[in-house]
Amino acid sequence: MSAAGLHCRGDGRGPPLYLIHGIGSRHSVWDGIVPGLAAHFTCVRFDLRGHGESAAPPPPYSLAQLVADVEALRRRLGHAEIHLAGHSLGGMVAPAYARQHPGRALSAALISTAAFRTADDRAKLRALGEAMLDQGIEAVIGALVERWFTDAFIKAAPEAIEARIRQITDTPQAVFRDVFRLYAQTEMAPWLREVACPCLVLTGELDGGCPPRLNRAIARALPDAELVILDALKHAVLLEAPACVLAPLKRFLLAREG
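Residues numbered from 1 in each chain as written. Predicted model: local features only at pLDDT ≥ 70, side-chain atom pairs only at ≥ 80, totals over all residues. Heavy atoms only, no water.

Participant: Just give me the short version of the pairing of strand S6 (residues 105-111), but keep the residues and values in it.
Facilitator: Counting buried positions over the seven residues of S6 gives six, a clear majority of the element. Sheet analysis places strand S5 (residues 82-87) next to S6, joined by six bridges and oriented parallel. By the bridge assignment, Ile82 is partnered in S6 with Ala105. Taken together, S5, helix H2 (residues 90-100) and S6 constitute a β-α-β crossover, and its handedness is right-handed. Two elements, S6 and strand S7 (residues 199-204), share four bridges in a ladder whose sense is parallel. Within the sheet, the bridge partner assigned to Ala108 lies in S7 and is Cys199. (Buried < 20%, exposed > 50% of the residue type's maximum accessible area, 1.4 Å probe, protein only. Helix = DSSP H or I, 4+ residues; strand = E, 2+ residues; numbered from the N terminus. Pairing = 2+ DSSP bridges. Right-handed = clockwise from strand over helix to strand, strands pointing away.)

See below:
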């Protein structure tokens, strides 16, 4: 189905759960999660603007625009209240939506995302962004793969790695660079305290860009938050270890539904 210019699909039954992917990804990143939730929730997956089969208006994009896309989709699908879960950039969209639409957001899960970055954190992101501009996105794919996946998974699942690389290269370069910029420049610290709904904050123990130290700060800043650190995982937890994400996410969501 299509709504608000976004390509989306719904699976399951029950309260709606909107699933928001990250940079250069697709709604399919949630494929390992949805089967475990579909008996309890209507799982709404969609491609962000500029990604996959969604409309691709010219960048630059803003966090406010991505939030507005989610709200337009909610209106089109007719859901009164929604749970949200987002990965990476999607983990910024979810709480931003909850802050802007407190009467619509039942809960928000922030998966593998970042706030309270240090100067060193920001410098590393700037270096990646500059490399993309100077050398092209293909030049940094190796660095991204190493940041996102553990060595063991890279060795054991080459087809999954290649599929993820194809998603990156199939995303228009202007879009990929722009959403990377958006992810790198967004700082949630000033407004996280304004997110009133219950939140789950989850990241991998070895995630270099969204490490536990930043996620602990996120959880402390949110008024109502639960923190989960997944052992021995990097950034791409939805692809590398969906079962490890599903267990705490399902428990968190079911607890909010009584």
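Participant: Any details on the nonpolar core? Residues and values, ideally.
Facilitator: Core analysis: the biggest nonpolar cluster contains 64 residues, and Phe46, Val70 and Leu89 have the highest contact counts within it. Among the elements that line this core, the one with the most residues is helix H7 (residues 173-185), at seven residues. Those residues in contact with Phe46 that lie beyond four places of it in its chain are Leu6, His7, Cys8, Tyr18, Leu19, Ile20, His21, His27, Val70 and Leu73. (Core = buried A, V, L, I, M, F, W, Y, C linked by side-chain atoms within 4.5 Å. Contact = heavy atoms within 4.5 Å.)

Participant: Describe the packing of aromatic side chains, naming the residues involved and giving the relevant values.
Facilitator: Counted according to the given criterion, the structure contains one aromatic pair. Ring geometry for Phe149 and Phe153: centres 5.5 Å apart, planes at 10°, overall stacked. For the cation-ring pair, Arg49 lies above Tyr61, with the distance from its terminal atom to the ring centre recorded as 5.2 Å. (Phe/Tyr/Trp six-rings, centres within 6.5 Å; stacked < 30°, edge-to-face > 60°. Lys NZ or Arg CZ within 6 Å of the ring centre and 35° of its normal.)

Participant: Quick one: what's the story with unusual backbone geometry, residue by residue and with numbers?
Facilitator: Residue Pro59 is joined to Pro60 through a cis peptide bond whose omega torsion reads 15°. With respect to the secondary-structure elements, Pro60 resides in the loop between strand S4 (42-46) and helix H1 (63-77). Phi at Ser112 takes a positive value of approximately 50°, unusual for a residue other than glycine. Structurally, Ser112 is set in the loop between S6 and helix H3 (119-135). With a phi angle near 60°, Ala232 is a residue other than glycine that sits in the positive phi range. When you line up the elements, Ala232 lands in the loop between strand S8 (225-230) and helix H9 (237-240). A relative accessible area of 44% means that Ala232 is categorised as partly exposed.

Participant: A description of the pairing of S4 should follow, citing residues and the corresponding values.
Facilitator: The element S4 is largely enclosed, with a buried count of five among its five residues. In S4, alternate side chains face the same way, and those of Thr42, Val44 and Phe46 on one face and Cys43 and Arg45 on the other are all buried. Of the strand pairs in this sheet, strand S2 (residues 6-12) and S4 are connected by five bridges, and their pairing is antiparallel. Pairing of Arg9 across the sheet is with Arg45, part of S4. Where strand S3 (residues 16-20) and S4 come together, five bridges link them in parallel fashion. By the bridge assignment, Ile20 is partnered in S4 with Phe46.

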